[in-house]
Amino acid sequence: MAALLIIAVFLGVHAACGWRCIPGGPCDVSIDDSSVQQAALSAAVSFNNQSNDSFLFRPEHVIKAQKQVVKGIRFLVDLNLCRTMCRKRDKAKNLSDCGLQPPGPLHQVFRCHVEVWDVPWSHHSIIQRLSCKTLSSAAQRSESQPVRDSD
């Protein structure tokens, strides 16, 4: 009976706080969090390494971000990747220095979901999943563009 009372109090406190996070489960996190921005950048680097496009893509906007504590931190991020004016062959040092393609025939946006597992104490980070689909392009394609999906 005491255990039920403790559970009821625990659930009542969480309900009063707006159910922000269940221990061990994914929790919403600010899209401006530096770790979220790093996960978005990792997604762009992975996407660029796997695509056959002549131009580099970079994160334009993080839509939603969550984190989950699991033997490290797992970030789940939804973001838009946009084609830049930097060509891959030019070996840009910093994606943020690459301007986005203006509206026109080369403008292209992908909506991506990335899951990054970060183990800070071992300086280890793995992209567990990266999947993208065309959001907009000159041709307005709507087919899905899976980039990577591994467990």
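Residues numbered from 1 in each chain as written. Predicted model: local features only at pLDDT ≥ 70, side-chain atom pairs only at ≥ 80, totals over all residues. Heavy atoms only, no water.

Draft legend 1. A look at the state of the cysteines. Under the criterion given, the structure shown has 2 disulfides. Covalent S-S linkage joins Cys86 and Cys98, the inter-sulfur distance amounting to 2.2 Å. Looking down the S-S bond of the Cys86 and Cys98 bridge, the torsion is -105°, so its handedness is left-handed. Here Cys86 is found in strand β3 (residues 73-87), whereas its partner Cys98 is found in the loop between β3 and β4 (108-119), with 12 residues between them in sequence. Per residue, the accessibility class of Cys86 equals that of Cys98, and both read buried. Here Cys112 connects covalently by a disulfide to Cys132, the sulfurs 2.1 Å from one another. Judged by the sign of its S-S torsion, about 110°, the cystine formed by Cys112 and Cys132 is right-handed. With Cys112 in strand β4 and Cys132 in strand β5 (residues 124-137), the pair connects residues that are 20 residues apart, well separated along the chain. Neither Cys112 nor Cys132 differs from the other in exposure class; each is buried. Between Cys82, a free cysteine, and Cys112, which holds the nearest cysteine sulfur, the sulfur-to-sulfur gap is 9.7 Å. (Disulfide = S-S within 2.5 Å. Helix = DSSP H or I, 4+ residues; strand = E, 2+ residues; numbered from the N terminus. Buried < 20%, exposed > 50% of the residue type's maximum accessible area, 1.4 Å probe, protein only.)

Draft legend 2. Structural detail: unusual backbone geometry. The backbone of Lys71 sits at a positive phi, close to 45°, despite the residue not being glycine. Mapped onto the secondary structure, Lys71 falls in the loop between β2 (55-69) and β3. Residue classification places Lys71 among the exposed positions, given a relative accessible area of 73%. Unusually for a residue other than glycine, His123 sits at a positive phi of about 50°. With respect to the element layout, His123 can be found in the loop between β4 and β5.

Draft legend 3. Seen up close, the nonpolar core. Counting 25 residues, the largest nonpolar core has Val77, Leu79, Val114 and Leu130 as the members making the most contacts within it. Looking at this core, the elements that each hand over two or more residues are α2 (34-50), β2, β3, β4 and β5. Among the elements that make up this core, the one with the highest residue count is α2 (6 residues). (Core = buried A, V, L, I, M, F, W, Y, C linked by side-chain atoms within 4.5 Å.)

Draft legend 4. Fine view of the packing of aromatic side chains. All chains considered together, the criterion is met by 3 aromatic pairs. Pairing Phe47 with Phe57 gives two aromatic rings, centres 5.1 Å apart and planes at 70°, and the pair type is edge-to-face. Of this pair, Phe47 sits in helix α2 while Phe57 is found in strand β2, placing the two residues 10 residues apart along the sequence. Relative accessible area serves as the criterion here: at 3%, Phe47 is assigned to the buried category. We classify Phe57 as buried; its relative accessible area is 1%. Ring centres of Phe47 and Phe110 lie 5.0 Å apart, and the angle between their planes is 55°; this geometry places the pair in the tilted category. Of this pair, Phe47 sits in helix α2 while Phe110 sits in strand β4, placing them 63 residues apart in sequence. (Phe/Tyr/Trp six-rings, centres within 6.5 Å; stacked < 30°, edge-to-face > 60°.)

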